[in-house]
Amino acid sequence: MATGRTHRTATRSRGIPEATVARLPLYLRALTALSERSVPTVSSEELAAAAGVNSAKLRKDFSYLGSYGTRGVGYDVEYLVYQISRELGLTQDWPVVIVGIGNLGAALANYGGFASRGFRVAALIDADPAMAGKPVAGIPVQHTDQLEKIIDDNGVSIGVIATPAGAAQQVCERLVAAGVTSILNFAPTVLSVPDGVDVRKVDLSIELQILAFHEQRKAGEEAEAQADAVLAAEAQAAAAAKGAGKGPDGDVPAVMPA
């Protein structure tokens with residue numbers, strides 16, 4: 001089976017927009033779930049809803065793949081799974097190294113979704129000598145001294161960095177120098193890489209901060225709605241009180257005539 005070092009996907013040469021590439025895994029996840037339920041075909045509306053996009057965008061994305069579905073029938077699920085998997089480069093074996101086997105690195109090593117999606121964890125690497133030789137997810141941890149040899153021996157082109165922020169840039173530079181051209185960065189820092197190296201950053205703290213922003217906004221909107229409701233109730237009560245002091249011919253005088 002081919003390794004990651006010997007193959008490049010055709011997305012860039014075929015002019016598929018990056019935004020479309022970013023949505024292809026969402027479609028693949030939804031299609032895989034349908035395939036596991038033995039669903040033969042799916043409409044663009046159903047698939048778009050499952051992937052969390054609108055159907056017009058989905059049809060436009062699929063047009064870049066040359067897949068247009070069949071009117072009145074929809075898309076063939078198994079064919080789309082194959083087509084998108086091929087476009088993403090998942091029909092081959094991609095060896096991956098994970099550097100930094102702390103709590104997060106160990107959790108990534110134990111993630112069962114890598115193998116089913118075309119990725120093989122070729123090695124686990126850590127700078128702590130005490131970790132060397134210890135099995136994590138059935139794979140013995142190796143010391144960072146062996147990093148370059150491990151990458152060369154396994155033909156690795158994808159590296160995962162799960163180190164503390166302070167060590168991430170140095171690890172990144174060693175990975176790139178050894179031939180890694182794609183990096184998934186979990187360290188809470190921005191990496192500097194040369195042209196030709198792709199970096200995808202996963203920062204859990206940033207994602208939580210974005211969620212906190214939305215929670216704060218929702219709380220503010222709720223408080224504003226409650227304040228508006230109180231003001232409306234007070235205005236209604238004032239109007240009712242004013243109306244209670246009026247007769248059919250207008251305001252009731254303060255002193256009634258004898």
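Bear in mind the structure is a predicted one, so any value in this text is a computation, not a measurement.

Caption draft 1: Summary view of the overall build of the protein. A tally of regular secondary structure across the protein gives 9 helices and 11 strands. Sequence-distant contacts in the protein: of pairs separated by 6 or more residues, those separated by 24 or more amount to 58%. As displayed, the protein has an accessible area near 15400 Å², and 57% of this comes from carbon and sulfur atoms.

Caption draft 2: Broad picture of the sheet that holds strand β6 (residues 139–143). Across the sheet, 7 strands lie side by side as β5-β6-β4-β3-β7-β8-β9; this open sheet has mixed pairing. Every other strand in the sheet has two partners, leaving β5 (135–136) and β9 (198–201) as the edge strands with one partner each. As paired elements, strand β3 (residues 94–99) and strand β4 (residues 119–126) share 6 bridges and run parallel to each other. Counted as the bridge partner of Ile98 is Leu124 from β4. Along the sheet, helix α7 (residues 147–154) makes contact with β3, β4 and β6, crossing β4 at roughly 165°. Contacts from helix α8 (residues 165–178) reach β3, β7 (158–161) and β8 (182–185) within the one sheet, and its direction differs from that of β7 by about 170°.

Caption draft 3: Spotlight on the side chain of Ser55. On the secondary structure map, Ser55 appears in helix α3 (residues 55–65). Ignoring any residue separated from it by four or fewer positions in sequence, one finds Ser55 in contact with Ser44, Glu45 and Ala48.

Caption draft 4: Structural context of the pairing of β7. Neither face of β7 is open: one carries Ile158 and Val160, the other Gly159 and Ile161, and all of them are buried. Direction of pairing for β3 relative to β7: parallel, over a ladder of 4 bridges. Each bridged residue has a counterpart across the sheet, and for Val96 the counterpart in β7 is Ile158. Where β7 and β8 come together, 4 bridges link them in parallel fashion.

Caption draft 5: How the structure looks around the nonpolar core. With 22 residues, the main nonpolar core has Tyr27, Leu31, Val42, Leu47, Leu58, Phe62 and Ile84 as its most contacted residues. Examining the composition of this core, we find that 7 residues originate from one element, helix α1 (residues 18–36), more than from any other. For Leu31, the contacting residues outside a window of four places in its chain are Val42, Leu47, Val77, Leu80, Val81 and Ile84. In terms of nonpolar packing, the next biggest core, distinct from the first, is built from 21 residues, Ile125, Ile161, Val171 and Leu175 among them.

Caption draft 6: Quick look at the layout of surface pockets. As a volume, the largest pocket reaches approximately 1800 Å³. Around the largest pocket sit 41 residues that line it, and Pro25, Leu88, Leu90, Phe119 and Arg200 are the ones nearest its centre. Looking at the lining of the largest pocket, the elements that each hand over two or more residues are α1, α4 (77–88), β3, α6 (113–116), β7, β8 and β9. No other element matches the 8 residues that α1 contributes to the lining of the largest pocket. Here the lining of the largest pocket is composed, by residue class, of 22 nonpolar, 10 polar and 9 charged. Considered as a void within the structure, the second largest pocket measures approximately 240 Å³ in volume. Among the secondary structure elements, those contributing two or more residues to the lining of the second largest pocket are α5 (103–109) and α8. Of the residues forming the lining of the second largest pocket, the biggest block, 4 residues, is contributed by α8. The residue inventory of the lining of the second largest pocket, partitioned by class, reads 8 nonpolar, 7 polar and 2 charged.

Cut-off values and rules
Position numbers for residues count from 1 along each chain, tracking the sequence in the order it is written. With pLDDT at 70 or above as the cut-off, local features in this predicted model cover only qualifying residues; side-chain atom pairs require 80 or more to be listed or tallied, and sums for whole chains, interfaces and linings still use all residues. To get the side-chain values, all heavy atoms of the structure are used, and hydrogens and water are removed first. Put simply, DSSP H or I for four residues or longer makes a helix, DSSP E for two residues or longer makes a strand, and each gets a number counted from the N terminus. Throughout, a contact is declared for two residues whenever any of their heavy atoms are within 4.5 Å. The protein chains shown are the only cover counted for residues, whose accessible areas, like all others here, come from Shrake-Rupley with a 1.4 Å probe. Whether two strands pair comes down to DSSP finding at least two bridges between them. Think of each axis as a best-fit line through the C-alpha atoms, taken over the contacting stretch in the case of a helix, with angles from 0 to 180 degrees between the N-to-C directions. The buried label goes to any residue with under 20% of its type's maximum accessible area, the exposed label to any with over 50%, and the partly exposed label to all in between, with areas taken from a 1.4 Å probe on protein chains only. Here, nonpolar core refers to any group of buried Ala, Val, Leu, Ile, Met, Phe, Trp, Tyr and Cys residues whose side-chain atoms link them within 4.5 Å. Two kinds of site are reported from a 1 Å grid over the protein atoms alone, namely cavities, where a 1.4 Å probe fits but cannot get out, and pockets, open sets with protein on both sides within 12 Å along at least five of seven lines, and residues are called lining when an atom falls within 4 Å of a point. Grid points are joined across faces, edges and corners, and a volume is the space filled by probe spheres set on the points. We call Asp, Glu, Lys and Arg charged. Ala, Val, Leu, Ile, Met, Phe, Trp, Tyr, Cys and Pro are nonpolar, and the rest, Gly among them, are polar.

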